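Examination of the molecular architecture
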Amino acid sequence: MLRFLMQRLLSLIPVLLTVAVVVFLILRLTPGDPAAVIAGNNATNEDIDRIRDQLGLSEPLWTQFWIWFSGVLQGDLGYSFYLGKSVLELIGQRIEPTLSLAAGTMFLAVLVAVPLGTLAAWRMGGWLDRILSGFAVAGFSVPVFVIGYVLIYIFAIELKWFPVQGYKRLLGPASQGVEAWAWQLVLPWLSLATIYVALIARVTRASVSEALTEDYIRTARAKGVTEQAVLMRHALSNAAVPIVTVIGIGVALLIGGVVVTETVYAIPGLGSLTVDAVLNRDFPVIQGVVLFFSALYVLINLLVDLSYLWLDPRIRY
């Protein structure tokens, strides 16, 4: 397993290199000049050229890439064109809201979806199974921002149960406590979790229903094992590998969902930082955030692969 782990960690290098090259070229070759954005509408061509020289944008593409990537290899993602701060500092300031939103969403989705999908498989063809099928179709069809605005209108504006927008920090001197932090994130969690409940519940239903047709399930029932034990100890445990796999895939989908949800709820996380950077043509911030998300996704996939060893002893690396 150690050899497998080292191979996967080493594979991180070409993946991140490819991502870095692609993102760098896309940003440089698409229309838009960061120097013109910084200079403003009343700037002259001389002002724009001077800013381009200061930012290093007048250098050839290969030189720009090497300067930036050599800094990345030393742990330096560069400085924001627009804010003048280190990209690492900006990521550090914005990472708590994004991780809070993503972790809470996945926790809520798994907590609801796995029991729901298991029960639907147990009572396949029943009313719960039909409701789950309809909910899954609706969950995949409705965009995240539509769900978000509907929840805001009902629970924040009409009922006034939750705040409309914003974020209260959990850590640091500005923290207002766990209750204020969680209360502010209830609606964002629900908005994002709707999609992932639909995804995970459907996969759980399919995996558990397939496991329930196996011979070991009939043997367990013939021995007098209770239905609860059959579902939890035999069916669900043997269906865990595809369920964990789809949870890992959900993390990749969650990256796009976080950007939209943070915009809807005005959460100052990495998603809103990325949107602002795109609007301002802030190349170093975009490149740094994309690299961060790529590395995070690869590491999560590695953890998912390693979890197979615990979930299914037959798997060996």
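Residues numbered from 1 in each chain as written. Predicted model: local features only at pLDDT ≥ 70, side-chain atom pairs only at ≥ 80, totals over all residues. Heavy atoms only, no water.

Glancing now at the overall build of the protein chain. Tallying secondary structure elements over the protein chain gives 13 helices and zero strands in all. Along the protein chain, helices and strands appear, N-terminal first, in the series α-α-α-α-α-α-α-α-α-α-α-α-α. Along the first, second and third principal axes, the C-alpha atoms of the protein chain reach 85 × 55 × 40 Å. Scored against the burial criterion, the 317 residues of the protein chain give a buried share of 42%. (Helix = DSSP H or I, 4+ residues; strand = E, 2+ residues; numbered from the N terminus. Buried < 20%, exposed > 50% of the residue type's maximum accessible area, 1.4 Å probe, protein only.)

Turning to the nonpolar core, a few remarks are in order. One finds L192, Y196, I200, V208, L212, L254 and Y265 to be the most contacted residues of the largest nonpolar core, which totals 45 residues. Take this core: its biggest share by element is 14 residues, from helix α8 (residues 178-211). If you look at the next biggest cluster of nonpolar residues, it comprises 27 residues, including L12, F69, L77 and V289. (Core = buried A, V, L, I, M, F, W, Y, C linked by side-chain atoms within 4.5 Å.)

Let us now look at the environment of V110. Along the chain, the position of V110 falls in helix α5 (residues 87-122). A residue is classified by how much of its surface remains accessible, and V110, at 27% relative accessible area, is partly exposed. In sequence terms V110 and G271 are 161 residues apart; their C-alpha atoms lie 23 Å from each other. When neighbours within four sequence positions are excluded, V110 is seen to be in contact with P115, I200 and I247. (Contact = heavy atoms within 4.5 Å.)

When two helices pack together, you describe them by how their axes are tilted relative to each other and by the distance separating the axes. Taken N-terminus to C-terminus, the directions of α5 and helix α13 (residues 283-311) make an angle of 50 degrees; their axes are 10 Å apart at the nearest point. As summarised for this structure, α5 and α13 are arranged oblique, according to the angle between their axes. The way α5 lies across α13 gives a crossing that is right-handed. Between α5, through V87, L90, I91, I95 and T98, and α13, the contact on the second element is made entirely by P284, V285, G288, V289, F292 and F293. Classifying every residue of the contact of α5 with α13 gives nine nonpolar, two polar and no charged. (Axes fitted to C-alpha atoms, helices over the stretch in contact; angles between N-to-C directions. Parallel < 35°, antiparallel > 145°, perpendicular 65-115°, else oblique. Left-handed = near helix turned anticlockwise from the far one by under 90°. Nonpolar A, V, L, I, M, F, W, Y, C, P; charged D, E, K, R; others polar.)

This part takes up the side chain of Q184. Topologically, Q184 is positioned in helix α8. A distance of 2.8 Å separates a polar side-chain atom of Q184 from the backbone oxygen of Q165. Leaving out residues up to four positions away in the same chain, Q184 has contacts with P163, Q165, G166, Y167 and K168. (Polar contact = N/O pair within 3.5 Å; in protein donor to acceptor, adjacent residues only side chain to side chain.)

With that out of the way, let us pick up the packing of α5 against α8. Where α5 meets α8, the closest approach of the two axes is 5 Å, and the angle between their N-to-C directions is 35 degrees. Along this stretch, α5 crosses α8, giving a crossing that reads as right-handed.

All chains considered together, the criterion is met by eleven aromatic pairs. Taken together, a centroid distance of 5.8 Å and an interplanar angle of 40 degrees make the contact between F155 and W161 tilted. In this structure F155 comes out as partly exposed when scored by relative accessible area, which is 24%. By the ring-pair criterion, three or more aromatic residues cluster together here, those being F24, W62, F65, W68 and F69. (Phe/Tyr/Trp six-rings, centres within 6.5 Å; stacked < 30°, edge-to-face > 60°.)

Turning our attention to the pattern of salt bridges. Under the defined criterion, the tally for this structure stands at two salt bridges. We note a salt bridge from R218 to D215, for which the minimum N-O separation is 2.1 Å. Of this pair, R218 and D215 both sit in helix α9 (residues 215-222), three residues apart, which is roughly one turn of the helix. (Salt bridge = Lys/Arg side-chain N within 4 Å of Asp/Glu carboxyl O.)

We now examine a nonpolar patch on the surface. A contiguous nonpolar patch, built from V142, F145, V146, Y149, V150, Y153, I154, I157, L159, W161, V164 and V260 and spanning about 1,000 Å² of accessible area, is present on the exposed surface. Among the elements that make up the nonpolar patch, the one with the highest residue count is helix α7 (residues 144-158) (seven residues). With relative accessibility at 39%, the residue F145 sits in the partly exposed group. (Patch = residues over 30% accessible without salt bridge, like charges linked within 9 Å, V, L, I, M, F, W, Y side chains within 5 Å. Areas by Shrake-Rupley, 256 points an atom, 1.4 Å probe, with all protein chains shown as cover.)

Quick look at a negative patch on the surface now. Where like charges cluster on the molecular surface, the negative patch consists of E46, D49, D53 and E59. Within the secondary structure, D49 sits in helix α3 (residues 45-55). What makes D49 partly exposed here is its relative accessible area of 43%. (Lys, Arg positive; Asp, Glu negative; His and termini not counted. Charge placed at Lys NZ, Arg CZ, Asp CG, Glu CD.)

Phi is positive for A266, which is not a glycine, with a value near 55 degrees. Within the fold, A266 resides in the loop between α11 (240-264) and α12 (270-279). Given the relative accessible area of 42%, A266 is considered partly exposed.

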